[in-house]
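Okay, here's what each chain looks like letter by letter:
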Amino acid sequence: MADSTFTFRVDDELKAAFAEVAAAQDRTAAQLLRVLMREATQRWHESQDHDAWFRGEVTQALGEAADPATDRVSHDQVVSSWRQQRAELERRAAGRTA
(Lines give C-alpha, C1' and ligand atoms only; values in the text may rest on other atoms or scores of the structure.)
Protein backbone atom coordinates (compact mmCIF):
# COMPACT_ATOMS: atom_id res chain seq x y z
CA MET A 1 0.00 0.00 0.00
CA ALA A 2 1.46 3.36 -1.02
CA ASP A 3 1.67 6.18 1.48
CA SER A 4 0.46 9.65 0.65
CA THR A 5 0.61 13.03 2.33
CA PHE A 6 -2.45 14.63 3.88
CA THR A 7 -2.14 18.40 4.23
CA PHE A 8 -4.63 20.67 6.00
CA ARG A 9 -4.69 23.90 7.95
CA VAL A 10 -5.16 24.08 11.70
CA ASP A 11 -4.65 26.93 14.13
CA ASP A 12 -1.40 27.01 16.08
CA GLU A 13 -3.04 26.48 19.49
CA LEU A 14 -4.85 23.34 18.38
CA LYS A 15 -1.71 21.98 16.70
CA ALA A 16 0.34 22.53 19.85
CA ALA A 17 -2.32 21.01 22.10
CA PHE A 18 -2.68 17.99 19.79
CA ALA A 19 1.09 17.49 19.66
CA GLU A 20 1.12 17.59 23.47
CA VAL A 21 -1.63 14.97 23.69
CA ALA A 22 0.19 12.77 21.17
CA ALA A 23 3.47 13.09 23.09
CA ALA A 24 1.69 12.11 26.31
CA GLN A 25 0.77 8.88 24.53
CA ASP A 26 4.34 8.37 23.25
CA ARG A 27 3.21 9.05 19.70
CA THR A 28 3.86 11.70 17.12
CA ALA A 29 0.97 13.85 15.98
CA ALA A 30 1.03 12.04 12.62
CA GLN A 31 0.81 8.64 14.32
CA LEU A 32 -2.12 9.75 16.44
CA LEU A 33 -3.87 11.25 13.41
CA ARG A 34 -3.56 7.90 11.60
CA VAL A 35 -5.10 6.13 14.60
CA LEU A 36 -7.96 8.64 14.72
CA MET A 37 -8.53 8.33 10.98
CA ARG A 38 -8.67 4.52 11.18
CA GLU A 39 -11.09 4.65 14.13
CA ALA A 40 -13.32 7.20 12.39
CA THR A 41 -13.38 5.07 9.24
CA GLN A 42 -14.15 1.91 11.22
CA ARG A 43 -16.97 3.63 13.17
CA TRP A 44 -18.47 4.91 9.91
CA HIS A 45 -18.42 1.45 8.32
CA GLU A 46 -19.91 -0.11 11.45
CA SER A 47 -22.67 2.50 11.49
CA GLN A 48 -23.41 1.81 7.83
CA ASP A 49 -23.56 -1.94 8.51
CA HIS A 50 -25.89 -1.37 11.46
CA ASP A 51 -28.06 0.99 9.43
CA ALA A 52 -28.38 -1.59 6.64
CA TRP A 53 -29.29 -4.30 9.18
CA PHE A 54 -31.82 -2.05 10.91
CA ARG A 55 -33.45 -1.00 7.64
CA GLY A 56 -33.73 -4.67 6.71
CA GLU A 57 -35.41 -5.45 10.03
CA VAL A 58 -37.88 -2.57 9.59
CA THR A 59 -38.65 -3.60 6.01
CA GLN A 60 -39.28 -7.18 7.13
CA ALA A 61 -41.49 -6.04 10.01
CA LEU A 62 -43.51 -3.75 7.76
CA GLY A 63 -43.95 -6.59 5.31
CA GLU A 64 -45.17 -8.90 8.07
CA ALA A 65 -47.50 -6.22 9.41
CA ALA A 66 -49.03 -5.72 5.96
CA ASP A 67 -49.42 -9.46 5.34
CA PRO A 68 -53.03 -10.53 5.99
CA ALA A 69 -51.79 -14.04 6.80
CA THR A 70 -49.88 -12.76 9.84
CA ASP A 71 -51.41 -13.95 13.10
CA ARG A 72 -52.71 -11.04 15.16
CA VAL A 73 -53.10 -10.84 18.92
CA SER A 74 -55.58 -8.32 20.22
CA HIS A 75 -54.75 -5.86 22.96
CA ASP A 76 -57.35 -7.50 25.22
CA GLN A 77 -55.71 -10.91 24.72
CA VAL A 78 -52.31 -9.50 25.67
CA VAL A 79 -53.68 -7.76 28.76
CA SER A 80 -55.48 -10.93 29.84
CA SER A 81 -52.35 -13.03 29.37
CA TRP A 82 -50.23 -10.61 31.40
CA ARG A 83 -52.83 -10.49 34.17
CA GLN A 84 -52.80 -14.29 34.37
CA GLN A 85 -49.00 -14.33 34.48
CA ARG A 86 -48.95 -11.65 37.16
CA ALA A 87 -51.51 -13.50 39.27
CA GLU A 88 -49.40 -16.66 39.00
CA LEU A 89 -46.26 -14.81 40.07
CA GLU A 90 -48.11 -13.23 42.99
CA ARG A 91 -49.33 -16.68 44.09
CA ARG A 92 -45.75 -18.01 43.95
CA ALA A 93 -44.41 -15.00 45.85
CA ALA A 94 -47.07 -15.36 48.53
CA GLY A 95 -46.13 -19.01 48.98
CA ARG A 96 -42.48 -18.13 49.59
CA THR A 97 -43.14 -15.53 52.27
CA ALA A 98 -45.58 -17.66 54.22
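Just above, that's the structure.
These remarks concern the structure in this document. Remember, predicted model here, so these are calculated numbers, not experimental data.

### Digging into the packing of aromatic side chains
So, point 1. Following the criterion strictly, the structure yields two aromatic pairs and no others.
So, point 2. Note on Phe6 and Phe8: the rings are 5.7 Å apart at their centroids and 75° apart in plane angle, and the pair reads as edge-to-face.
So, point 3. Taking the relative accessible area as the measure of exposure, Phe6 reaches 59% and is therefore exposed.
So, point 4. Seen from their ring centres, Trp53 and Phe54 are 6.4 Å apart, and the 50° between their planes marks the pair as tilted.
So, point 5. You can call Phe54 partly exposed: its relative accessible area is 44%.

### Notes on the packing of helix H1 (residues 12-24) against helix H2 (residues 29-66)
So, point 1. Where H1 contacts H2, the two axes come as close as 8 Å, and the packing angle between them is 85°. Judged on the interaxial angle alone, H2 and H1 are roughly perpendicular. Contact residues: H1 offers Phe18, Val21 and Ala22, while H2 offers Ala29, Leu32, Leu33 and Leu36.
So, point 2. Looking at side-chain class alone, the contact of H1 with H2 contains seven nonpolar, no polar and no charged residues.

### Observations concerning a nonpolar patch on the surface
So, point 1. A cluster of nonpolar residues, Phe6, Phe8, Val10, Leu14 and Met37, forms a patch on the protein surface that exposes about 490 Å² of accessible area.
So, point 2. Tracing the backbone shows Leu14 in helix H1.

### Focus: the pattern of salt bridges
So, point 1. Following the criterion strictly, the structure yields four salt bridges and no others.
So, point 2. In this structure, the salt-bridge partner of Arg91 is Glu88, at a minimum N-O distance of 3.0 Å. Of the two residues, Arg91 and Glu88 both sit in helix H3 (residues 75-97), three residues apart, roughly one turn of that helix.
So, point 3. Assessed through its relative accessible area of 31%, Glu88 is described here as partly exposed.
So, point 4. Residue Arg92 is joined to Glu88 by a salt bridge in which the shortest nitrogen-to-oxygen separation is 3.3 Å. Of this pair, Arg92 and Glu88 both sit in helix H3, separated by four residues, roughly a single helical turn.
So, point 5. You can call Arg92 partly exposed: its relative accessible area is 48%.
So, point 6. Within the structure, one salt-bridge network assembled from shared partners comprises Glu88, Arg91 and Arg92.

Cut-offs used in this document
- Residues numbered from 1 in each chain as written.
- Predicted model: local features only at pLDDT ≥ 70, side-chain atom pairs only at ≥ 80, totals over all residues.
- Heavy atoms only, no water.
- Phe/Tyr/Trp six-rings, centres within 6.5 Å; stacked < 30°, edge-to-face > 60°.
- Buried < 20%, exposed > 50% of the residue type's maximum accessible area, 1.4 Å probe, protein only.
- Axes fitted to C-alpha atoms, helices over the stretch in contact; angles between N-to-C directions.
- Helix = DSSP H or I, 4+ residues; strand = E, 2+ residues; numbered from the N terminus.
- Parallel < 35°, antiparallel > 145°, perpendicular 65-115°, else oblique.
- Contact = heavy atoms within 4.5 Å.
- Nonpolar A, V, L, I, M, F, W, Y, C, P; charged D, E, K, R; others polar.
- Patch = residues over 30% accessible without salt bridge, like charges linked within 9 Å, V, L, I, M, F, W, Y side chains within 5 Å.
- Areas by Shrake-Rupley, 256 points an atom, 1.4 Å probe, with all protein chains shown as cover.
- Salt bridge = Lys/Arg side-chain N within 4 Å of Asp/Glu carboxyl O.

Fair warning: the whole summary comes from geometry, so function is off the table for now.
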